[in-house]
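Here are the chains, one letter per residue:
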Amino acid sequence: MTRHAVLYQAAAYCLSYPDDEFFERLPLLRQAAPELREFLDHAAGTPPGDLAAHYVRLFDFKSRHSLYLSWWRDGDTRRRGMALVRFKEVYREHGLEFSGAELPDFLPAVLEFSALAGPVLLREHRSGLELLRIALTDHGTPYAQVLDAVCATLPGPSPKDRAEALALARSGPPREEVGLEPFAVTLTGDRP
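For clarity, every value in this text was computed on a predicted model and none was experimentally measured.

Caption draft 1: The arrangement of the environment of Ala152 in detail. Residue position: Ala152 is located in helix α10 (residues 143–152). Through-space distance from the C-alpha of Ala152 to that of Glu35 is 9.9 Å; in sequence the pair is 117 residues apart.

Caption draft 2: Geometry of the packing of aromatic side chains. A full pass over the atoms with the stated rule returns 10 aromatic pairs. Both rings, one in Tyr68 and one in Phe106, keep their centres 5.2 Å apart while their planes meet at 35 degrees; by these two values the pair is tilted. With Tyr68 in the loop between α4 (48–60) and α5 (69–74) and Phe106 in the loop between α6 (79–93) and α7 (107–117), the pair connects residues that are 38 residues apart, well separated along the chain. A relative accessible area of 22% places Tyr68 in the partly exposed class. Judged by its relative accessible area of 12%, Phe106 is buried.

Conventions and cut-offs
Residues numbered from 1 in each chain as written. Predicted model: local features only at pLDDT ≥ 70, side-chain atom pairs only at ≥ 80, totals over all residues. Heavy atoms only, no water. Helix = DSSP H or I, 4+ residues; strand = E, 2+ residues; numbered from the N terminus. Phe/Tyr/Trp six-rings, centres within 6.5 Å; stacked < 30°, edge-to-face > 60°. Buried < 20%, exposed > 50% of the residue type's maximum accessible area, 1.4 Å probe, protein only.

Now the structure itself:
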């Protein structure tokens, strides 16, 4: 396993909900991924309930800290469905079938995939990763260090990625009002 693959796998554990299994793995994660030492030291020194509460507040209630990569580009639009299909197609192209309880664009799942198959999806969603990294840094959470380490393994953002990230930062992901427009029914004839 390459150095980046080990980091991706460790980062996947760090960005998943901090359950008992996460705390049991801390010594192994510290040994395997020195790039994450700052975050892992924080996690080891934080009561499990406090770290779990911080995780929930940070990732479950704030879309600006979304761990779903397609959200950063497609927001809550119909296009996001096609983006999720793309994730599943990439998994299949590499001989894997996504069957997780989460959506296929969930960053910990993408990181686990990247540990096995390389960072193809991380590169495709580099602008979203950068926005998440910036949002976590601005929030002042130790989780930002995990994104710092992951982003450091990827080639520098291209001008297109940088422009896309800046545009998303200004406007946020796209939104779409989906549903039926109000309509009137016109009855003809003798109907009441």
